[in-house]
Every structure is written in C-alpha cells, then in structure tokens.
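Residues per chain are reported as follows:
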Amino acid sequence: MSIIHYYFIVCFTLVFMFSLKQATSTQVVIGAVIDNTSRAGMEANVSLQMALDDFNRQTNQSFVLRVINSQGEPAMAALAANRLIDSEKVQVILGPHTWQETSRVVEISNQGQIPTFSLADSNPMWAIERWPFLVQASKSNQDAQMKALAAIVQSWDWGRVTFIYEEDADSTFGRVIPNLLKSLQDVGAEIRHLVPLPPYATSLSEQLMRLKRDQCRVFVVHTSLKLATHLFQEADQMQMIEKDYVWITTNTITDLLYSVNLTTIFSMQGVIGVKRHFPEISSKFLEFKKRFRLKFSIEYPEEENNEPGISAVEAYDTLWAVAMTLAKMNNQITNQSQTFLEKVSLIDFNGITGRIHAIGRKLESSHIFGVVNVIGKSYRELGIWTEELGFSKHTDNRSTYNSSMKNLGQVFWPGESMHTPKGWIIPSSTDPLKIGVPAESMFKQFVDVVYDPLTNNFSCKGYAIDIFSEVKARLPYYMSYEFIPYNGTYDSLVEQIYLKKFDAVVGDVSVLAGRCKHADFTHTYSDSALAMLVPVQSKMPHKAWLFLKPFTKAMWLLILALTIYNGFVIWLIERKHSPKLRGSATDQAGVMIWLSFTTLFSLNGGKLHSNLSRISIVVWLFVALVITQSYTASLTSMLTVKKLEPTVSDIETLKTKNAKIGYGKGAFVAKYLEEVLGFKSYNLKNFSSPQEYAKALKTGEIAAGFLNGSYLKLFLAKYCKSFVVAGPTYKVGGFGFAFSKGSPMITDVNKALLEVFESGKLRELEDKMIGSERRHNNGCSNNLRSGWTEEESYKVYSTNK
C-alpha cells in the first residue's frame, strides 16, 4: 500500500473522529425525575418517550431522554438530580410530580444552573423567586380550584367544612389553605377543622373517630391518591360514607380517579370530585390516546386501566415546550441557561391540553375544572366550573352557566341518598346537648328551676322554656338535650359556652355586644327596650275652683259666646211683636242678656210670638242639653276618681336629687345606668325579686327602677295600681338563646323561631303569662279608668319599639 493510501486513511480517520466529537458535543440530553411507582409517574414516563419520539421525527432532531425513577422518595429524587447533572450531562430536567421531591431536585439543579420544569401540582408562591432556574410547567391552578370548592359549598348552603390534607407545610399552608379559607369566607362559609394526615400513616381510625363525633359532616380531602385510598377505605368501614355525610376531593385525587380499582371506587360512593379539565374530544387527544393505550399496556401490563389522564398529556406538552425552545437555540444551551429561560417566556403553541402559553417562568394556569360524582363502578361527569362564569353541563358556545351547582342535575350522595345533606348533624353517639339556664331569674315566670328531692333532679319551666320547646318541636331533626341550672351572673352564664361547659343557654338572657364575643345568639323573642318605673301619686285640683275644671277656658268662652248670641237672635226676632223688648238701649241690652240665660234653662214657647224664635230655642236647648250632660259627667268623675301621675317624670330629676335607683339582680342594667345614663354607682341598688322591687318603690327606698320590656309588662300586670312608666325608653338587646360560636344549629333555630312568631304562638304564650298575673290581681286595670291605664303605662314604651 502506497504512502498516498496511508495519507488518505489517516485524514479520513481524523475527519471522522472530529465529526464524531462535534456530534457528541452538540447532542442535547433532557433529564426527567419521576416516581415510577405512582400512576402519574407511569403515565409521564410513557408520554415523555412518545413526545420525544414525535418531536425528533417531525423536526429531524436527535434529542435524548434520560429518565430516573425516584420511587417517590425526596432523597432518591435528589440523588437522581445529581446523577443526571454530573453523569448524564443533561441540559434540562423535567419533574417530579410532588413538591417534596421537586424542592430537593430544584435545590441541586439551581446550583448547577440547570433549568428544571416542575410537574408538581402545587408549588409555593415563593419558590419561583427563590430558585431562578425553576419553571412551573403544571397548568394546575390551586387558587381557582379553591374557588370551585367554595362554589360547591355555597350551592348547597353548607356553612362549615373540615379540611383534610396530607402534611406538607410548604405547599399546603403556603397556598392551598389560605386560598380555601378566603374563598369560603367570600361565600359565607368557614373551615371548622384542619386535619393533617401523615403521608405514611398505617391507621387513620383515631382521626376519623374524632371527625365522626363532630357536628360538621362536610369533608374536603386534599391528599395524594395513595393516602386517599387508605382514608376512604377506613372511613367506609367506620360507616362514614353514609347518609348525611359529604365528601369532596380535590384534583390530586380526582385527576387519577379513573385508575383506581373497584374496591376503592366502592368505598367512595357519592363522593364529589374536582379535577383539572382538558378537551378530551379533540382530534389531537384522540390520536394520542390511541397510541398511548398501546404503549402503556406494553410498558405496564400489570395495570388494569390504560387510559391517559392529565398527567400524561401535561408531560407530553411540557416536553414539546422544552424541545421547541431548545430547537430555537440551535441546541446550544451549554452556558446559556439564562438565555434559555428568556426563551421559555416566549412559549406559545397549541398542545393536547389546549393553548400552551408561558407567562414568565410559569405556564398559564387553567381556569376550568371538571366536577364528577362517584357512582357505581366509576364516576359520572356532572359538568364543568369556570372562574368567570360558574357551572355548566357543557363547554360549547351554547352552554348556559349558573352560579349554583344544582343546575348540573341530580347528585348521588353517600348512603345512596338522593336528598341533599344539610352538612352537619348532632351525632347520636354523643351526650345530649348541655343547655345552661339561669337558676336565679328575677322573674320566675320566665325561668323557674325547681328541685325535686325525691328524684334528686331539677325541672325547668317558664315562658322562655316554653318558647324553646316550641322551637325544638319545629326543628327538622331530633335534638336531645338536658337543662343544667347555673348560679352566677348572666355574663358568666354565657361565657360558659365559650369555656365548653355548656353547648347552649336558654332563659331571659339579653343579647349584648359584649356577650357576642363568647357565643352566637338567635333572633330575640322579647321586646328590646329599657324603661323607667316609678310610683304613682294622686293629684286632686283645688276644691274651691273644682267646678270650673270640667271645661277648658276656651270651652267656657265658647259657651258664653253661644249663649249671648242665642239671646241676641231671640231678641232680634221678638222685638217687633213685644213692646217689652223695646225702649232705651240700656233696657234692650238688659232684656237681651236676660233672654240669653232664661232660654238656657227653659223653653218659654208660650211667650214667643214667632215660629222662627221657637225653632231657634229648640236647637239651642238641644245643644245646651249636650253641654250640661258632659259637664255633669266630667265633674262627677273628678269628684269620685283620683288622678294618678308619676312621682318622677324624667331621669334628670333623679340625678339632681341624687336619688337611689333600683335594677334587677344579675342583669346588665347596672352597667347601662352607670355608663350610658350617667347615674352614680353608689346610688344603684339591685333586687332579686319583683316583690322586693315593689316594696322598695312603695317605701321610698328607691325613687325609681329600670326594667326591660318583657319584665315591665309582667311587673305592671301585677302592680298596675301602684306604678307607672315615666320618661323615654332606651333601645337595648332583647332576650335570645345563645349557642357556641359558629354553631350550625343557629340557622335552623332562627327559622323555627320565626315560625313561632308567625304562627301567633309567641303572642299566645305571652298573653298566658301576663294573663295569669292579671287574674291574681283581679280588677287591676278597671281601677285606672280615669288615670293611668295599662295602655297609658306602655305608651312611651310602645312608640319606641
């Protein structure tokens, strides 16, 4: 072989080796860290391979994919990231699907300035700022999803929910819980309990038992599919997937619901789920679905279901976005990671999940969610929810939207129930409601606690108890309870609810702003007014001039004018017929005055000559008869009945005289008298019974007393002869029932209370209570005919209601 041949061989070899080196140096390697033991990881693994093959074939590229299985362990994910960067020399990393793994991977990739596209469903808000090489590839929108959950809660008028989540402080507490809390508040609901579950819990019976004992029956579950499967199977065994329960799952569970086995599905009957929505009828997805099912069945033959979900299509679109960006840089990314990230913000194409559009280092989030209902061997698509428009059965242009989920059709609830659960219940396994009642009410007609030494039990009766019984009878469910007498102030009684000693308080308890800090109150069932009560005194006019009192001065002047006018008319008519009516002016004036008064008491018809005179006299005598009868009746009344008036007319008089003031024991009135009306504390005296109260007023121990509206009616029904209401009335809180803060019973009790009002039963019970006092004081109101009647006693009070 000649030297020339050797020369060509050497040159060819050098050129080949140089070309090979160039090809190797420009080869782009894409890495992926996924959990190949999870359904999302399996789907992503198949989709990434399909996406790379499709992209290389369509663009004549030769990208390489390196996938490492993290097995769901954050530590394994971190080792995988190190291996991909150091050994495989990857330019980009995709995955994983959980934030715990993602945070470990991005910490390492950020040090090596390797862009990482996170497929995690929920990333903390601060993550993008902390790690400049992190790109949020998932289109999941937790903010919008929480609004969707709140819209579901609002649709069925549930006031409270229990949030069950997998312990993950960064993502859950950083974004999910705050957004859910705000979204629920916007629709008038709240989170009753936060229940964290450990990711690797072997038993959840303790947590579930606590939930079963609680009143709230609406549970929102935000966990991994693995933990949710465990949760629902245990809940089903504990009979918590039954009537009156509500279970709502987030997309972390619902997105993969199609892949679970029948055992899990049967344990989730009636569950409502929210999942991420993408167009499943598009030609792109249908073609992808056909190829995916075949490849997935080959790759994972042990899996029963080979349908692609959101994890598959999202991974496919993400790899296309990465590959397209790399292609635009001519595959030159080494030491150009920052330029690559700038190109990422320009991503904009139509993928399987719809439009793929980047905003900074985030893919634009989806604002559409599907709503499903687990029934039978699978689940039923109820419809969709959009952040702008609400609920709809379809997504086309002809769809109608509604703010309520009810327009999506019948929902199959847990326990095979077709009736909407009310969202809470009084658990039958718990003790009866402990209801506190005041043991020392000032008026026993409201609350009377009686001890029976034979049975060693207390019994309660009275107006407030009767109203509560009527309310209980109108509740849409059975309520077991027991009354527990409480000795102490009313403020302290209400505070016992806050201290968990009582579940509710029933009695003559005023609704006050200060008490609302410790409990929630129902509508008031009594008048909300405070009035001053004072003794009455009789007022007799001076007897010397008593005869003038039946008529006013104006009336006397009018009678005088009419009398003189009548005399003048008779004189004018008769003067032509009688010579006696003629003469000097003085004589005629005297005759005219004489005629005026004589016609007042006699007819004198025979002495009159004209018929006109006789007609005038008849009319005048009729008027005179009415006047004299009215005068006689009024004078008789004044001589026989005493005129009653209050001893004090206003509170300023009491302050000026530094008078003593009375109020009911244990009531809020003392504070109101001192702080609002300005009385001195040393001038205030409390009383524990109406008898003591009445005695103190009669003896002058106190100059006046203050009672609220309901007490006032009862007191005046018994002592109407001795006391009256004086001065203005003051608006204060009426009587109501108290329950624990946020109690779901408030709504039902208020509705039942309104039914008691509207049926007239409240008025009937009040009339019965007051009528009983009147019967014990027979003739009470009849003795006040010409003085302060019962209606007059309530005059000011009634006009200020």
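What you are looking at is a predicted structure, and each value in this text was computed from that prediction instead of being measured.

Enquirer: Help me get a handle on the packing of helix 12 (residues 283-299) against helix 13 (residues 310-328), residues and values and all.
Expert: At a minimum axis separation of 12 Å, helix 12 and helix 13 run at an interaxial angle of 105 degrees. Considering their axes alone, helix 12 and helix 13 lie roughly perpendicular with respect to each other. The segment helix 12 lies against helix 13, with Phe285, Phe288, Arg291 and Phe292 engaging Ala312, Val313 and Tyr316. The class makeup of the residues in the contact of helix 12 with helix 13 is 6 nonpolar, no polar and 1 charged.

Enquirer: Would you mind going over empty space enclosed by the protein in detail, with residue names and values included?
Expert: Inspection of every chain in the model, using the stated rule, returns 3 cavities of 30 Å³ or more. Considering only enclosed or pocket space, the second largest cavity measures out at about 40 Å³ in volume. Along its surface, the second largest cavity is lined by Ala137, Lys139, Glu314, Asp317, Thr318, Thr353, Ile356 and Leu363. At 3 residues, helix 13 tops the list of elements feeding residues into the lining of the second largest cavity. By residue class, the composition of the lining of the second largest cavity is 3 nonpolar, 2 polar and 3 charged.

Enquirer: Just give me the short version of the packing of aromatic side chains, but keep the residues and values in it.
Expert: By the definition in use, this model includes 40 aromatic pairs. Centre to centre, the rings of phenylalanine 55 and tryptophan 320 are 5.0 Å apart; their planes meet at 85 degrees, and the pair counts as edge-to-face. Taken together, the residues phenylalanine 55 in helix 2 (residues 39-59) and tryptophan 320 in helix 13 connect sequence positions 265 residues apart. Assessed through its relative accessible area of 14%, tryptophan 320 is described here as buried. Through successive ring pairs, a cluster of aromatic residues spans Phe443, Phe446, Tyr463, Phe468, Tyr481, Phe483, Tyr525, Tyr711, Phe735 and Phe737. The ring centre of tryptophan 424 lies 5.9 Å from the NZ or CZ of lysine 422, which sits over that ring.

Enquirer: Before we move on, could you go through the nonpolar core and cite the residues and values that matter?
Expert: Grouped together as the largest cluster of nonpolar side chains are 66 residues, with contacts concentrated most on Phe446, Ile467, Leu533, Leu707, Phe715, Phe737 and Met745. If near-sequence neighbours (up to four positions away) are discounted, leucine 533 is found in contact with Leu697, Ala704, Gly705, Leu707, Leu712, Phe715, Leu716, Phe723, Val724 and Val725.

Enquirer: Give a description of the pattern of salt bridges that names residues and reports values.
Expert: Enumeration over the complete set of coordinates arrives at 30 salt bridges. For glutamate 387, the salt bridge is made with lysine 147, and the minimal N-O distance between the two is 2.8 Å. Of this pair, glutamate 387 sits in the loop between strand 15 (378-386) and strand 16 (390-392) while lysine 147 sits in helix 6 (residues 142-155), placing them 240 residues apart in sequence. The class of glutamate 387 is partly exposed, set by a relative accessible area of 27%. Note on lysine 147: relative accessible area 39%, which makes it partly exposed. For lysine 761, the salt bridge goes to glutamate 764, with nearest N and O atoms at 3.2 Å.

Enquirer: Could you give me a rundown of the environment of cysteine 460, with the residues and numbers involved?
Expert: Take cysteine 460: it is sitting in strand 19 (residues 457-461). Separated by 12 residues in the primary sequence, cysteine 460 and aspartate 448 place their C-alpha atoms 5.6 Å from one another. Filtering out sequence-adjacent residues up to four positions away, cysteine 460 remains in contact with Val437, Asp448, Val449, Ile465 and Phe483.

Enquirer: Run through the environment of lysine 549, naming residues and quoting values.
Expert: Tracing the backbone shows lysine 549 in the loop between strand 23 (529-538) and helix 17 (553-574). Placed 86 residues apart in sequence, lysine 549 and leucine 635 show a C-alpha to C-alpha distance of 7.5 Å.

Enquirer: Can you break down helix 23 (residues 709-718) residue by residue, with the values?
Expert: Counting buried positions along helix 23 gives 9 out of 10 residues, so the element sits mostly inside the fold. For helix 23, the set of buried residues is Gly709, Ser710, Tyr711, Leu712, Lys713, Leu714, Phe715, Leu716 and Ala717.

Rules of the game
Residues numbered from 1 in each chain as written. Predicted model: local features only at pLDDT ≥ 70, side-chain atom pairs only at ≥ 80, totals over all residues. Heavy atoms only, no water. Axes fitted to C-alpha atoms, helices over the stretch in contact; angles between N-to-C directions. Helix = DSSP H or I, 4+ residues; strand = E, 2+ residues; numbered from the N terminus. Parallel < 35°, antiparallel > 145°, perpendicular 65-115°, else oblique. Contact = heavy atoms within 4.5 Å. Nonpolar A, V, L, I, M, F, W, Y, C, P; charged D, E, K, R; others polar. 1 Å grid on protein atoms, 1.4 Å probe; cavity = no way out; pocket = protein on both sides within 12 Å on 5 of 7 lines; lining within 4 Å. Points joined across faces, edges and corners; volume = space filled by probe spheres on them. Phe/Tyr/Trp six-rings, centres within 6.5 Å; stacked < 30°, edge-to-face > 60°. Buried < 20%, exposed > 50% of the residue type's maximum accessible area, 1.4 Å probe, protein only. Lys NZ or Arg CZ within 6 Å of the ring centre and 35° of its normal. Core = buried A, V, L, I, M, F, W, Y, C linked by side-chain atoms within 4.5 Å. Salt bridge = Lys/Arg side-chain N within 4 Å of Asp/Glu carboxyl O.

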